[in-house]
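Close look at the chain arrangement
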Amino acid sequence: MIDTLRLTAEAAAGLIERREVSAAELHTAYLAREDDVHAYLCTTEYAEGEGVPIALKDLITTKGVATTAGSKILEGYIPVFDSTVARRCKDAGLPLLGKTNMDEFAMGSSTENSAYGPSRNPWDPTRVPGGSSGGSSAAVAAGLAPWALGSDTGGSIKQPAALCGVVGLRPTYGTVSRFGIVAFASSLDQVGPITKTVRDCARLYEIIAGRDPADSTTVDLLEPVEIPNATDLKGLRIGVPRELNEAEGIEPGVADSVAATIDLCRDLGAEVGECSLPRSVDYGLACYYLIAPAEASSNLARYDGVRYGHRAAGAKELDELYERTRSEGFGDEPKRRIMLGTYALSSGYYDAYYAQAQKVRTLIAQEHAALFEHFDLLVSATSPTVAFPLGARTANPIAMYLSDVLTIPSNMAGLPGLSIPCGLSEGLPVGFQLVGPQFSENLLFRAAHALEQTLEFDFVPGRLK
Amino acid sequence: MSWEPVIGLEVHVQLKTRTKMFCRCELAFGDPENTHTCPVCLAHPGTLPLPNRQAVEWTIKLGLALGCEIAARAVFHRKHYWYPDLSKGYQISQYDEPLCTNGTFRVPTEDGDHDVGIVRAHLEEDAAKTRHLEGAGGRIVGATRSLVDFNRGGTPLVEIVSQPDIHSAEQAKSFLELLRQTVVELGISDAEMEKGTLRCDANISVREPGGPLRIRTELKNMNSFRFIARGIDAEIARQIEIYESGGEVTQETYDFHAATGELTLHRTKEEAEDYRYFPEPDLVPLEPEPELVERLRGELPELPGLRLRRLERELDFYAATVLVTGGLDRLYEQVPGDRRAVANVLMNQLAGRDPAEIDPGELGKLIEARDRIPRTAFDDALANGIGKPGAADAYLQDTAIADTSELEPVIERILAANEQEVAAYRGGKESLIGFFVGQVMKETAGKANPQAVNELLREKLRP
């Protein structure tokens, strides 16, 4: 009997290697579990591959397998090609388990914006799993997949990983191909692993990372990915940005857990110092909500009912076809962001909004770069709160947007960030965010692995034990 | 009161690269609809553009030929509008950081050089082709069905924007013809207006000479050099009439209908679209290496404007223009013989022919023998016999009979056999000369020189 709740991808690979179980049997075992958290939008039969099966967020284009990005406008869309990451997973022999639920077009922090209904948190099904990669995080936490891929624009990997008690990496912008990733905000979108352990995370990152000729914004990795073994943090200088750790709205339980983990960093030999990111935190969220919607308004222009996806029936004129197709096909959040973004890019407003936000983005990157002259890593909570109840923030977009207040600053700077579970608050997981300079994934893996070994966080949700 | 037209042109040139601008679909003209498409040019979710290196290099080359500065850093922007011919909902174009800026294109004229400033030349992708069924005049209004052919969608397109340095339809036409020839000689485009691989819009205003610029209108959809000139003239006349009757020109866009000579409103300023330009985040900026730019500069051929001036000294401005813009001047220079005779044959009888299919030596031999061979043999030779060395010989052997001693017995024989006609001619029916010439030609199997026959006949028929 395979305990999919406990089995790490690394252990699963070992089972396959020793021929104790076949990839097909493993695939069957994961899909045999009941999906009571609505992690999957669809599951797929075992087809090929002798590796550890994987779940992919539904915005990752998979040839012959429906890819909806959580939207009605792509209902019934069956891609004729594979995204580069899906292709790399196939080439590495990872059989596809299915496509996971997400906020529509990755716009959201709870999966409640999915056109196909929300996913639930495996630790407490009355609560959200976070988002937008909530389906991938819930699948890994609930033993429905050994590992998964998500995508992160403002925090969509790190935040749900934190809320579900799993590991999530948002890689350096440009290290993972976006070819075939249904675009939300092109200058921010980045695919990354969601796993049970830091070592699994590094293994999956190794499979997907590296320059892709089909994506001109990708680059070669500076060094090969290292699977971490470190057990201490000796020689590391860790910065604790005041604004991220004292931000308004951080729950006391979260703050305590993070503070304890920072103490642990010291115990493990790191040099810990306070530092400051005043502009990044003050302006990060505001700039993000100009740049991301602006790019989204452009990226979502292609959904016009002409070539694929939903098309309104019976339209008599071209404008009517566009208006009705898009009115029927998009949910409230994409509509809200299309309006915001269209406004921000409009003639007469561009300089004041989009162009200004890009300048501030440069400042945010510079502010982070200056800190990395003194520190190797920056740490904070990943999310200000633990998983919140379904419906708690749906009526208040600003409250929902604040879910990402701690992840957005480093995302705006294009930096890699890793979230690991560091403890429980009110019986729910707390995420610890480590941010490094560009291309410092190996360093993030080493540090996070050392912490993980000492924290000994049990990633199996209490109610499922 | 006199008015000075002020005209700026926007010229679009489709590049003839092997593949499209941002995907690797083959470019093909006239293939069945939607047979050259892929997820990228159909804008399937998640697809990304990948720039065509050849197109970038050719744009730089064109920029150099137009005397432009080549940007060290050029940026692609997204230009948004809604239409089914635009799969992504935006066109990838260039905006405030184009590849080529600030050039000058020198157009030789009879009264000196006309320098037209080039604001910019930038690279973008063409839209697909739409066809509207059962609408009025093929337009979408009233159509019951619209079809889109994405074969053309994503073709590399260079947009060249001139300064408003042009002051007449004639100047506009000269500018365009020389620009077209330059593009063709660079080998980067067929630049054929009929096929739509060269397209032109004009921005037109009129002002009191030396006075401040006035409101301009845009003229679109002119698909031949002749129509461009006619369209510009029509729009200039329309604006002058408005001002002279006390009205004001408003900023609008017009379509010119060549068949009727009419201008119809395309859109008003109020309907002008907001394209919401922003830098294309899926592409990194283009940063052409100085070495590349220098290499491309070194590959530039001698430009047609310069050759036109050289030829003008030998012939005249008109002939030089026709030969150069007709792509025949290099052939002209290779053909031996009387310069004027060679020029005339090229202009009058070989316009539109591919110079590569003509052997200059053979053509020279033929032109030299023109007066000695029958007209039909000469024409036939031009059509079939000048492709390769020796090809004209057969025609040249076909030397016309112009020798009086040879023609005389034939004519005597014919006059003797047609006494009635001879009498009629001598009686005043001089139109019968044609009959006698015909008889002689028949008798000599067309080899007689018509001029010689004519003269000899008139002499013999004199009463």
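Just above sits the structure.
This is a predicted model, so every value here is computed, not measured. (Residues numbered from 1 in each chain as written. Chains lettered and ligands numbered in written order. Predicted model: local features only at pLDDT ≥ 70, side-chain atom pairs only at ≥ 80, totals over all residues.)

1. A closer look at the overall build of chain A
Our working definition: Strands here are runs of E lasting at least two residues and helices are runs of H or I lasting at least four, both read from the DSSP assignment and numbered beginning at the N terminus. Atoms counted for the radius of gyration: C-alpha only. Globule rule: 2.2 Å times the number of residues to the power 0.38. Exposed residues have 12 or fewer other C-beta atoms within 10 Å of their own C-beta, buried residues have 20 or more, and partly exposed residues fall in between, where C-beta atoms are placed from the backbone. For every residue pair, C-beta atoms are placed from the backbone, and the pair is scored as a contact if these atoms sit within 7 Å.
The helix and strand tally for chain A stands at 15 helices and 11 strands. A globule of 465 residues ought to have a C-alpha radius of gyration of about 23 Å, and chain A, at 21 Å, matches this closely. When its C-alpha atoms are laid out on the principal axes, chain A stretches across 70 × 55 × 45 Å. By the burial criterion, 60% of the 465 residues in chain A qualify as buried. When contacts within chain A are restricted to residue pairs at least 6 apart in sequence, those whose partners lie at least 24 apart make up 77%.

2. Considering the sheet that holds strand β3 (residues 76-80) of chain B
What links the strands of a sheet is backbone hydrogen bonding, and the strands pair in either a parallel or an antiparallel sense. All names here are of chain B. Under the convention used in this document: For two strands to be treated as a pair, DSSP must find at least two bridges joining them.
Spatially, 3 strands are ordered β4-β3-β14 in an open sheet, and the strand pairing comes out antiparallel. Unpaired on one side and paired on the other, β4 (90-94) and β14 (278-279) mark the two borders of the sheet. In this structure, β3 lies alongside β14, joined through 2 bridges in antiparallel fashion. By the bridge assignment for β14, R78 is matched with F278.

3. Observations regarding the sheet that holds strand β2 (residues 69-70) of chain B
Residues and elements named next belong to chain B. Strand order across the open sheet formed by 9 strands is β2-β5-β6-β9-β1-β10-β11-β12-β13, with mixed pairing between neighbours. In this open sheet, the two strands that pair with only one neighbour each are β2 and β13 (262-268). One ladder, built from 7 bridges, connects strand β6 (residues 112-125) with strand β9 (residues 156-162); its direction is antiparallel. Residue pairing for β9: L123 is matched across the bridge by V158.

4. Some thoughts on the environment of I2(A)
Residues and elements named next belong to chain A. Mapped onto the fold, I2 is located in the segment before α1 (9-17). Distance in space between the C-alpha atoms of I2 and A69 is 31 Å, their sequence separation being 67 residues. Setting aside residues up to four positions removed in sequence, I2 forms contacts with L7, V21, L26 and A29.

5. Describing the packing of helix α1 (residues 53-65) of chain B against helix α4 (residues 290-298) of chain B
Residue and element names in this part refer to chain B. What counts, and what does not: To obtain each axis, a line is fitted to C-alpha atoms, and for helices this fit is confined to the stretch in contact; angles are then taken between N-to-C directions over 0 to 180 degrees. Each angle receives one of four descriptions, namely roughly parallel if under 35 degrees, roughly antiparallel if over 145, roughly perpendicular if within 65 to 115, and oblique otherwise. Each crossing is labelled by how the near helix is turned from the far one, with a counterclockwise turn of less than a right angle marking it left-handed and a clockwise turn marking it right-handed.
Two elements in contact, α1 and α4, have axes separated by 9 Å at closest approach and are oriented at 60°. Classified by the angle between their axes, α1 and α4 sit oblique to one another. When the axes of α1 and α4 are compared, the crossing they make is right-handed. Along its contact with α1, which presents E57, I60, K61 and L64, the element α4 presents V293, L296 and R297.

6. Here we look at the environment of I181(A)
Residue and element names in this part refer to chain A. With respect to the element layout, I181 can be found in the loop between β5 (167-170) and β6 (190-195). Taking the number of C-beta atoms within 10 Å as the measure of exposure, I181 has 30 and is therefore buried. In this structure the C-alpha to C-alpha distance between I181 and A202, which are 21 residues apart in sequence, comes to 21 Å.

7. Some points on helix α11 (residues 332-345) of chain A
Spelled out, the test is: A helix is expected to span 1.5 Å multiplied by its residue count minus one. The reported arc concerns the directions from the helix axis to the C-beta atoms and nothing else.
Here α11(A) is 14 residues long and its end C-alpha atoms lie 20 Å apart, about the 20 Å a rise of 1.5 Å per residue gives. Residues of α11(A) that are buried: E333(A), P334(A), R337(A), I338(A), G341(A), A344(A) and L345(A). End-on, the buried residues of α11(A) take up no more than an arc of 130°, which puts them together on one face. Exposed residues pointing more than 90 degrees away from the buried face of α11(A) are listed as D332(A) and M339(A). Elements in contact with the buried residues of α11(A): α9 (278-299) and α12 (351-371) of chain A together with β14 of chain B.

8. Topic: the nonpolar core
Inclusion rule: Under the definition applied here, buried Ala, Val, Leu, Ile, Met, Phe, Trp, Tyr and Cys residues are grouped into a nonpolar core through C-beta atoms within 7 Å.
By size, the foremost hydrophobic cluster in this structure holds 133 residues, and its most contacted members are I54(A), A139(A), A145(A), A148(A), L377(A) and A447(A). When residues of this core are assigned to their parent elements, the largest contribution, 9 residues, is made by α9(A). For A447(A), the residues in contact, after removing those within four places along its chain, are L233(A), L236(A), L377(A) and L434(A). Within the second largest apolar cluster, 72 residues are counted, among which are C25(B), L42(B), I160(B) and A191(B).

9. Observations regarding the packing of α1(B) against helix α2 (residues 169-186) of chain B
Residue and element names in this part refer to chain B. At a closest axis distance of 11 Å, the pairing of α1 and α2 adopts a crossing angle of 135°. By the angle between their axes, α1 is oblique relative to α2. For the element pair α1 and α2, the recorded crossing hand is right-handed. Between α1 and α2, the contacting residues are K61, L62 and A65 on the first element and T182, V183 and L186 on the second.

10. Looking at the pairing of strand β3 (residues 96-100) of chain A
Residue and element names in this part refer to chain A. Basically, it comes down to this: Whether a crossover is right-handed depends on one test, that the path from the first strand over the helix to the second runs clockwise when the strands point away from the viewer.
A large share of β3 lies buried, amounting to 5 of its 5 residues. As defined by bridge partners, strand β1 (residues 40-43) adjoins β3 across 3 bridges and the pair is classed as antiparallel. Within β3, the residue paired with Y40 across the bridge is T100. One ladder, built from 4 bridges, connects strand β2 (residues 54-57) with β3; its direction is parallel. Bridged to L56 within β3 is K99. Note on the crossover from β2 through helix α3 (residues 84-91) to β3: the handedness is right-handed.

11. Here's the deal with unusual backbone geometry
With an omega of 10°, the peptide bond running from G131(A) to S132(A) counts as cis. With respect to the helices, strands and loops of the structure, S132(A) is situated in the loop between β3 and α4 (134-141). Of note, A43(B) is a non-glycine position whose phi angle comes to about 60°, a positive value. Mapping A43(B) onto the fold places it in the loop between β1 (4-14) and α1.

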